[in-house]
Amino acid sequence: MTRTVDQQGFKKERLILFLDFLSLAPTHAVALPHGLFLAGLIHVFMSREAVLKHLHQDSLKSVSLNAAVGVPVPHICRRSPIS
């Protein structure tokens, strides 16, 4: 079985992509547990109904509150892939 140049190039590209992914692991290893901990606190201390009451309406107040909560997150978490 012979391999074409395209298959070898594709395999090399996948390896480079995988190594790039691994290079992100040390920086995200710190942020991920913090995010999971924060999500757990929200889950424990806020009821689903309270969250839906304030964030799941078609009103200017609800949209503003969603924006106020969501926009600063990438800036607070400097290691976020979005920022």
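Check the entry above for the structure.
Analysis parameters
Residues numbered from 1 in each chain as written. Predicted model: local features only at pLDDT ≥ 70, side-chain atom pairs only at ≥ 80, totals over all residues. Heavy atoms only, no water. Helix = DSSP H or I, 4+ residues; strand = E, 2+ residues; numbered from the N terminus. Buried < 20%, exposed > 50% of the residue type's maximum accessible area, 1.4 Å probe, protein only. Areas by Shrake-Rupley, 256 points an atom, 1.4 Å probe, with all protein chains shown as cover. Patch = residues over 30% accessible without salt bridge, like charges linked within 9 Å, V, L, I, M, F, W, Y side chains within 5 Å. Salt bridge = Lys/Arg side-chain N within 4 Å of Asp/Glu carboxyl O.

Draft legend 1. Structural detail: the overall build of the protein. Helices and strands together make up the secondary structure of the protein, namely four helices and zero strands. Ordered by position from N to C terminus, the α and β elements of the protein give α-α-α-α. Counting the 83 residues in the protein, one finds 4% classified as buried. Carbon and sulfur atoms make up 70% of the accessible area of the protein, which totals about 7700 Å².

Draft legend 2. Main features of a nonpolar patch on the surface. Residues Phe37, Leu38, Leu41, Ile42, Val44, Phe45 and Met46 make up a contiguous nonpolar surface patch of about 740 Å² in total accessible area. Residue classification places Leu41 among the partly exposed positions, given a relative accessible area of 33%.

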